[in-house]
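Residue-level structural notes
For reference, the chains in residue letters:
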Amino acid sequence: MSSVEPPLHVRSTFGLRETTPVALGPDWEGGWRCGDVVLSPVADHARAAWSAKVRETLNPDGVRLARPVRATDGRYVVSGWRADTFIDGTAEPRHDEVVSMSLRLHAVTAALERPRFLMQPPVPPWQDVDVFVAADRSAWEQVPLRGVKGQFEPSSADGRTSIELIGQLATLRKQVHSPDQLVHGDLFGTVLFQGSEAPGLTDITPYWRPAAWAAGVVVVDAISWGGADEELVGRWEDLPEWPQMLLRALMFRLAVHALHPRSTDAALPGLVRTADLIRLML
């Protein structure tokens, strides 16, 4: 979460000069509310501009989307900040509803083209986004993490354990045939609920994978860290190639844990427990 409020020139460019910023919680990832608009720091300009452009016109069924607010000169991003309409809600452990919303969202995003930045490999100087790109590819490439060997290395014992577990899980993979499409790959903990209103989304984190994989990431996260009941994995077994999608979602999260510099050893036990559940399905 950002502790630095948006500069005055940024607020002015978005037409928010006369408002006083109020810091929001982790649901908005460091955002500051200015009236009915939220200003949020941007980690990657290309992805932020893409998300804003998509959310401007996307209309998934039963989803409240934060719409982008353009600057006075038409830009989506100004000096590392973006602006979105504020939507009410907080993250809640309503895991099945998140999976259901994922399916509705991805029924619409299936029509989107693949952004050019999703075709690019991780490149130095390494940023947070490169870790997630490398982790995503590790779940699908023939030899996990071979392409970044020597560039991303786990520095802790539990990180090395994660790499070993990825290698074991890779032997359980089978060829899948579900088509890749544009999906939101980080829905756990980012969906906002407000009573009986439709679930809300403040952003879209893009990946080019099958829709069932994105649902699998939600389930893996929810069981590993969200206190979800173990039966969650079985309640969505009708999704295409579900065990293999769960397997790849788990490998992705293990790779993030192994490679991200801010990972803590507290994350691994939940992933190991989830791995035992998924192995039983394969």
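Further up the page is the structure itself.
For clarity, every value in this text was computed on a predicted model and none was experimentally measured.

**Description of the overall build of the chain**
- Helix and strand content of the chain: 9 helices and 10 strands.
- Expected size for 282 residues packed as a compact globule is a radius of gyration near 19 Å; at 19 Å, the chain falls within 12% of this value.
- In terms of principal-axis extent, the alpha carbons of the chain reach across some 60 × 45 × 35 Å.
- With 282 residues in all, the chain has 50% of them scored as buried.
- About 13200 Å² of surface is accessible on the chain, with carbon and sulfur atoms providing 52% of the total.
- Treating the 28 positive side-chain charges of the chain as one cloud and the 35 negative ones as another, the clouds have centres 6 Å apart.

**Quick word on the pattern of salt bridges**
- Following the criterion strictly, the structure yields 19 salt bridges and no others.
- Where R47 meets D44, a salt bridge forms, and the shortest distance between an N and an O atom there is 3.6 Å.
- A residue is classified by how much of its surface remains accessible, and D44, at 22% relative accessible area, is partly exposed.
- Linking R209 and D136 is a salt bridge whose minimum nitrogen-to-oxygen distance equals 3.0 Å. With a gap of 73 residues between them, R209 in strand 10 (residues 206-209) and D136 in helix 4 (residues 128-138) connect regions that are remote in the sequence.
- Given the relative accessible area of 13%, R209 is considered buried.
- Within the structure, one salt-bridge network assembled from shared partners comprises R55, R82, D84 and D203.

**Quick look at the nonpolar core**
- Formed by 58 residues in total, the largest nonpolar core has its most connected members in L201, W213, V219, W242, L250, F252 and L254.
- Per element, the largest residue contribution to this core is 11 residues, and it comes from helix 8 (residues 242-259).
- Non-local contacts of W213, meaning those with residues more than four positions away in its chain, are made with D136, W140, V183, G185, Y207, M245, R248, A249 and F252.
- Listed in part, the 12 residues of the second largest apolar core include W32, L39, A71 and V78.

**Some points on the sheet that holds strand 1 (residues 22-23)**
- With antiparallel pairing, 5 strands are arranged side by side in an open sheet as 1-2-3-6-5. What marks the edges here is a single partner per strand, and that holds for strand 1 and strand 5 (77-78).
- Relative to strand 6 (residues 81-85), strand 3 (residues 37-41) is paired through 5 bridges, and the arrangement is antiparallel. Across the sheet, residue V37 finds its bridge partner in strand 6, namely T85.

**Considerations on the sheet that holds strand 9 (residues 200-201)**
- Strands sit in the order 4-9-8 across an open sheet of 3 strands; the sheet is mixed. Edge strands, defined here as strands with exactly one partner in the open sheet, are strand 4 (64-65) and strand 8 (191-192).
- With 2 bridges joining them, strand 4 and strand 9 adopt parallel strand pairing. Directly across from L65, in strand 9, lies its bridge partner L201.

**Considerations on the packing of helix 6 (residues 211-225) against helix 8**
- Two elements in contact, helix 6 and helix 8, have axes separated by 8 Å at closest approach and are oriented at 60 degrees. Relative to helix 8, helix 6 is oriented oblique. Classified by chirality, the crossing of helix 8 by helix 6 is right-handed. From helix 6, A212, W213, A215, G216, V217, V219, V220, D221 and W225 reach across to helix 8, where they touch W242, M245, L246, R248, A249, L250, F252 and R253.

**Some thoughts on the packing of helix 5 (residues 157-170) against helix 9 (residues 268-281)**
- Where helix 5 contacts helix 9, the axes come no closer than 11 Å and their chain directions differ by 10 degrees. It follows that helix 5 is roughly parallel to helix 9 by the angle criterion. Between helix 5 and helix 9 the crossing geometry is left-handed. Where helix 5 approaches helix 9, its residues D158, T161, S162, L165, Q168 and L169 are matched on the opposing element by L268, V272, A275 and R279.
- Classifying every residue of the contact of helix 5 with helix 9 gives 5 nonpolar, 3 polar and 2 charged.

**Description of helix 6**
- Look at helix 6: 22 Å from first C-alpha to last across 15 residues, which is about the 21 Å you get at 1.5 Å a residue.
- Looking one or two residues beyond helix 6, the residue adopting positive phi is G227, at roughly 75 degrees.

**Looking at the packing of aromatic side chains**
- Counted under the stated rule, the structure contains 5 aromatic pairs.
- Between the aromatic rings of W213 and F252, the centroid separation amounts to 5.5 Å while the plane-to-plane angle is 55 degrees, which identifies the pairing as tilted. On the criterion of sequence distance, the pair formed by W213 in helix 6 and F252 in helix 8 is long-range, its members being 39 residues apart.
- Take W213: its relative accessible area is 0%, and that puts it in the buried class.
- Taken together, the aromatic side chains of Y207, W213 and F252 make up a single cluster linked through ring pairs.
- For the cation-ring pair, R33 lies above F86, with the distance from its terminal atom to the ring centre recorded as 3.7 Å.
- Looking at R248, its charged tip hangs above the ring of W140, at a distance of 5.0 Å from the centre.

Conventions we followed
Residues numbered from 1 in each chain as written. Predicted model: local features only at pLDDT ≥ 70, side-chain atom pairs only at ≥ 80, totals over all residues. Heavy atoms only, no water. Helix = DSSP H or I, 4+ residues; strand = E, 2+ residues; numbered from the N terminus. Rg over C-alpha atoms; globule rule 2.2 N^0.38 Å. Buried < 20%, exposed > 50% of the residue type's maximum accessible area, 1.4 Å probe, protein only. Areas by Shrake-Rupley, 256 points an atom, 1.4 Å probe, with all protein chains shown as cover. Lys, Arg positive; Asp, Glu negative; His and termini not counted. Charge placed at Lys NZ, Arg CZ, Asp CG, Glu CD. Salt bridge = Lys/Arg side-chain N within 4 Å of Asp/Glu carboxyl O. Core = buried A, V, L, I, M, F, W, Y, C linked by side-chain atoms within 4.5 Å. Contact = heavy atoms within 4.5 Å. Pairing = 2+ DSSP bridges. Axes fitted to C-alpha atoms, helices over the stretch in contact; angles between N-to-C directions. Parallel < 35°, antiparallel > 145°, perpendicular 65-115°, else oblique. Left-handed = near helix turned anticlockwise from the far one by under 90°. Nonpolar A, V, L, I, M, F, W, Y, C, P; charged D, E, K, R; others polar. Expected span 1.5 Å × (residues − 1). Phe/Tyr/Trp six-rings, centres within 6.5 Å; stacked < 30°, edge-to-face > 60°. Lys NZ or Arg CZ within 6 Å of the ring centre and 35° of its normal.

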